Amino acid sequence: MLNVVDRQMRLALWLSASALLALCVWLGWQWWHGEDRSHEPLTWQVLAPPADLPMRPWNVIVLHHSASRHGTTASFDRDHKKRGWDGIGYHFLIGNGVDMPAGQVDPTFRWREQREGAHAGASLLSQPFNDLGIGICLVGQFDRDEPGAYQMQRLVRLCAVLIRHVPGLSAASIIGHRDVPGKETDCPGAHLDVERIRFLVREALLTEDG
Ligand SMILES: [Zn+2]
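Here the structure is a predicted model, which is why all the values come from computation and not from measurement. (Residues numbered from 1 in each chain as written. Predicted model: local features only at pLDDT ≥ 70, side-chain atom pairs only at ≥ 80, totals over all residues.)

Undergrad: Which residues make up the domain arrangement of the protein, and what values do they have?
TA: Taken domain by domain, the protein holds domain 1 (1–33) and domain 2 (44–207). Relative placement of domain 1 and domain 2: their C-alpha centres are 45 Å apart. (Domains from an automatic or database assignment.)

Here you go:
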């Protein structure tokens, strides 16, 4: 009889220990990857800046890649502060599934506070693209790798929602960083086809809402 109780106790202990371990692993995973917002609906309701803040008269969307497989909003924020900027230079970051869930769209303080960007370049020619350009960065190295299908889907969706709600934007306003006059860069990489993104955004504008 004692033996049975003993065995049951041991089983209960073992089960609680396993449950505790599983909980720790799950919490660690959540902490490491941040909150997974990759399946949050991307709608204007989610993205709209505070209603009392005047919207900047945006007239262009500038696409970037991070030129790295790794990175999160927090890590780019740290890197860009080291360059002496006031924080991450982009308005939006889209994760690639390495350090940040694939397709997670993070609006940064620059979008939430309707601030100018620090993404187009430092020259006088680049300045209008910082002042009135929404900088969207996809984490990835697209000279080497293809962007992920879901990451692309979320980019198209993000552009379509912005275009629908920001008066100065259309699909033709989407450019790559390399298209900024005077900028010698191949950002957002050879595998990010901006013409195709414009095409997909036009399609989304015709078929989706939000
Ligand atoms: Zn760039």
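Undergrad: Please give an account of the sheet that holds strand E4 (residues 133–138) that cites residues and values.
TA: What holds strands together in a sheet is hydrogen bonding between their backbones, with the strands either parallel or antiparallel. The five strands are arranged E3-E2-E4-E1-E5 in an open sheet whose pairing can be described as mixed. Looking at the sheet topology across the chains shown, the edges are occupied by strand E3 (105–107) and strand E5 (174–176). Mean inter-strand twist for the sheet, computed between neighbouring axes without regard to direction, equals 25°. Note: strand E1 (residues 60–65) against E4, six bridges, orientation parallel. Bridge assignment links His65 to a residue of E4, and that residue is Leu138. In this fold helix H6 (residues 149–165) packs onto E1, strand E2 (92–94), E3, E4 and E5, with an angle of close to 165° to the strand it touches most, E4. Helix H7 (residues 194–207) contacts E1 and E5 of the sheet and is inclined by roughly 160° relative to E5. (Pairing = 2+ DSSP bridges. Helix = DSSP H or I, 4+ residues; strand = E, 2+ residues; numbered from the N terminus. Axes fitted to C-alpha atoms, helices over the stretch in contact; angles between N-to-C directions. Contact = placed C-beta atoms within 7 Å.)

Undergrad: Go over H7, please, and point to the residues and values.
TA: For H7, built from 14 residues, the straight-helix expectation of 20 Å at 1.5 Å per residue is met to within 8% by its first-to-last C-alpha distance of 20 Å. Ile197, Val201 and Ala204 are the residues of H7 that are buried. Buried residues along H7 cover an arc of 60° about the axis, so they all sit on one side. Away from the buried face of H7 by more than 90 degrees, exposed residues Glu195, Arg196, Leu206 and Thr207 are located. Structurally, H7 contributes buried residues whose contacts are with H6 and E5. (Expected span 1.5 Å × (residues − 1). Buried ≥ 20, exposed ≤ 12 C-beta atoms within 10 Å, placed from the backbone. Arc of directions from axis to C-beta.)

Undergrad: Tell me about the nonpolar core, and please be specific about residues and values.
TA: By size, the foremost hydrophobic cluster in this structure holds 36 residues, and its most contacted members are Ile61, Ile136, Leu158 and Cys159. Mapped by element, the contributors of at least two residues to this core are E1, E2, E4, H6 and H7. Not counting chain neighbours up to four residues away, the residues in contact with Ile136 comprise Ile61, Leu63, His64, Tyr90, His91, Phe92, Ile94, Leu155 and Leu158. (Core = buried A, V, L, I, M, F, W, Y, C linked by C-beta atoms within 7 Å.)

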